[in-house]
Amino acid sequence: MVKNMTNENKNRLVAGIVLLIAVLIPLVLDKPYYIHVLTMCLLWAYLASAWNIVGGFAGQLSLGHGIYTSVGAYVTVILFNEFGLSPLLGMFFGAGAAVLVSLIIGLPTFGLRGAYYALSTVAISEGLVVLYENTMTIGGLRLGGAEGLIVKLIGDAPLHLQFTSKIPYYYIALVMLLLIIGLSKWITKSRLGYYLVALREDEDGARALGIDVRRTKLIAGALSAFCAAIGGIFYAMLIRYLEPQAIAGAAMSTQMVFLAIVGGAGTVMGPVIGGILLALISEIIRFYLGGYVMGLHLFIYGLIVVLMIIYKPGGIIEVVEHYYRRLMNFRDREVASGAGDSSGS
Amino acid sequence: MVQETVLDLRDLTINFGGLVAVDSLNMTVKKGEAVGLIGPNGAGKTTVFNLISGFYKPTRGDVVFMNEKITGLAPYDVCRKGIGRTFQIVKPFGKMTVLENVMVGGFSRTRNPQECRQIAAEVVEMVGLGSKKDALAKNLTIGDRKRLEVAKALATRPEILLLDEVLAGLNPTEVDESVELIKEINASGITIVMIEHVLQATMAICNRIVVLDYGKKIAEGTPAEVTQDPEVIKAYLGDEYETTVN
Ligand SMILES: Nc1ncnc2c1ncn2[C@@H]1O[C@H](COP(=O)(O)OP(=O)(O)OP(=O)(O)O)[C@@H](O)[C@H]1O
Ligand SMILES: [Mg+2]
């Protein structure tokens, strides 16, 4: 039966099966720890996908996306802690603030080429971490400084995104991931996606064809910041604690980049696969080795990342796709088309 | 022939430090014309295109397109006004397919991907890349890259097309094919200004030729007039050509 299906339908079938498994997993694995690990995998896949919009499609190497996760999270948590505003509403303020910040940063820096843009994002995000660490309050609103900011606990309150069980968080993360996959897919098929890949491949060539390069980068940057902020807000609700280094620091910023690049930057599914796989591997290594030597798990994790980048610069997605096509008996001439996106779904 | 002026360069000048790359250039192009822009290496030909297309801002002078001053407009605005250009050093979007490359140009006229694909497919067919539409641009030969360069610019539906050495690096068969292509484009109503070193081909296409040397216009006229011009022979064609003509 599968043999006679078009590639498109085979993809749909596989996607359906994977989704079904993802939906059913919490019913089988009932240990909160497992659910938490899986939720984090989904969140990392989501965050890598958020970065991928500007870092992958548009090829702008942002090493400071912790700026947006943290701005989103702090704004939302402060609104919740101080004014009792539900994060369901607060997230629009948080994500809106992140978009604003992305525009303020993007206006002067998107004119810069190559390494200069990357360096400025590092500088700005590191500066922001220091700012968080040294600010206890602003205008009477508690930021918590280096100690961090605890999200006020109000018990089981779905309308405030607080649950005593881990399972609702898992499903929220799953929906978020599905939404961002949909968004990425839409981008690759739309004019925006073509423009982003074009300016990534050759800025002058893009300009000559009518592309307002700076404006297009700003749009991608804002979209990416919005999504990253939503991810940061979810993280805050899940962990119920905001620590500057974790939400804004290099741990956050570079992780998003690693996952996307190792998975396959500039493709729809690369960052998703990279995020889930690497987050899982890193958790497994930590679980088994974390107790032995401090930092050993990080070292091994780093090694895997480096080896991947050296031997599979196109990302895990290339390997996955290769075997997937073989396994599914894909017909060769039926090429999935989208803006420079060879991965399809 | 309608004598409507499409492009008018007025006293166009640009300095790079001490170097005057384009010096007080006056030049008009009428609708439907095919004008050749020739001159020795470093004469300032590409710089003229960069000035017209908004990549460089002139030190002095103006670019007037369809009776509208467009001096200093950004390249993407110039493109949207209806000026298409190719690059001497081609700029393919390597990781996109041929069709996708051309679609990028098409999107300057429509937001709709289906419609854009349609426009692009026609243009790809027209330039003779139909059989390679799904190939990645980075895998094309130089000849095909030059064609792709033309196709991308064509997809923006330009009023005037600026071609910068699209024949350079092609083998004789490819040159002939491209000459036919450019004639066809011109015949479809698109005004053409082309920079070229292959004189034979330029003469086959262009009804008027402008000669630049050290940033200055030193001659202008029909191919026959220009090649007889002693100043041109001295500056550009050199002694060799002089002897073969005589
Ligand atoms: N951006 C720039 N900065 C400094 N000098 C420049 C710049 N662009 C061009 N030039 C100089 O201007 C002069 C004209 O260059 P241009 O590229 O226009 O010549 P050309 O006629 O196209 O030559 P070719 O036939 O070799 O392509 C050259 O001396 C070149 O070095
Ligand atoms: Mg040149």
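Up top you'll find the structure we're talking about.
Parameters and conventions
Residues numbered from 1 in each chain as written. Chains lettered and ligands numbered in written order. Predicted model: local features only at pLDDT ≥ 70, side-chain atom pairs only at ≥ 80, totals over all residues. Heavy atoms only, no water. Helix = DSSP H or I, 4+ residues; strand = E, 2+ residues; numbered from the N terminus. Near = heavy atom within 4 Å. Polar contact = N/O pair within 3.5 Å; in protein donor to acceptor, adjacent residues only side chain to side chain. Areas by Shrake-Rupley, 256 points an atom, 1.4 Å probe, with all protein chains shown as cover. Nonpolar A, V, L, I, M, F, W, Y, C, P; charged D, E, K, R; others polar. Donors = N, O, S within 2.8 Å, 3.2 Å for Na, K, Ca; no water. Buried < 20%, exposed > 50% of the residue type's maximum accessible area, 1.4 Å probe, protein only. Phe/Tyr/Trp six-rings, centres within 6.5 Å; stacked < 30°, edge-to-face > 60°.

Residue-level account of unusual backbone geometry, with values.
Phi angles above zero are rare outside glycine, and Leu161(A) is one such case at about 60°. With phi around 50°, Glu165(B) is a residue other than glycine that occupies positive phi space. Within the fold, Glu165(B) resides in the loop between β7 (160-164) and α6 (172-187).

I'd like to hear about the site of ligand 1, residue by residue, with values.
Residue and element names in this part refer to chain B. By nearness alone, 14 residues border ligand 1, and Gly 42, Lys 45, Thr 46, Thr 47 and Gln 88 come closest of all. Lys 45 places a polar side-chain atom, nitrogen or oxygen, 2.8 Å from an oxygen atom of ligand 1. Between ligand 1 and the protein, one listed contact pairs an oxygen atom with a side-chain N or O atom of Gln 88 at 2.8 Å. In the complex, the protein chains occlude 65% of the 630 Å² of accessible area that ligand 1 would expose alone. Among the elements of the structure, β2 (19-30) and α1 (45-52) are those that each provide at least two residues to the shell around ligand 1. Looking at the shell around ligand 1 element by element, the count peaks at three residues for α1. Taken together, the residues that form the shell around ligand 1 break down as five nonpolar, seven polar and two charged.

Explain the coordination of the magnesium ion (ligand 2) residue by residue, including any values.
When four donors bind a metal tetrahedrally, each ideal donor-metal-donor angle is 109.5 degrees, and when six bind octahedrally, the ideal angles are 90 or 180 degrees. All names here are of chain B. Bound to the magnesium ion (ligand 2) on the protein side are Thr 46 (OG1) and Gln 88 (OE1), at distances that span 1.9 to 2.1 Å. A residue pair is termed long-range when its members are at least 10 positions apart, and Thr 46 in helix α1 and Gln 88 in the loop between β6 (83-85) and α3 (98-106) qualify at 42 residues. A residue is classified by how much of its surface remains accessible, and Gln 88, at 34% relative accessible area, is partly exposed.

Residues and numbers for the packing of aromatic side chains, please.
Residues and elements named next belong to chain A. According to the stated counting rule, one finds twelve aromatic pairs over all chains in the structure shown. Where Phe 110 meets Tyr 117, the ring centres are 5.0 Å apart and the plane angle is 25°; that geometry is what we call stacked. An identical accessibility class is assigned to Phe 110 and Tyr 117; each is buried. Between Tyr 170 and Tyr 171 the ring centres are 5.4 Å apart and the planes differ by 80°, which places this aromatic pair in the edge-to-face class. A relative accessible area of 2% means that Tyr 170 is categorised as buried. With a relative accessible area of 27%, Tyr 171 lands in the partly exposed category.

These results come straight from atomic positions and should not be treated as a statement about function.
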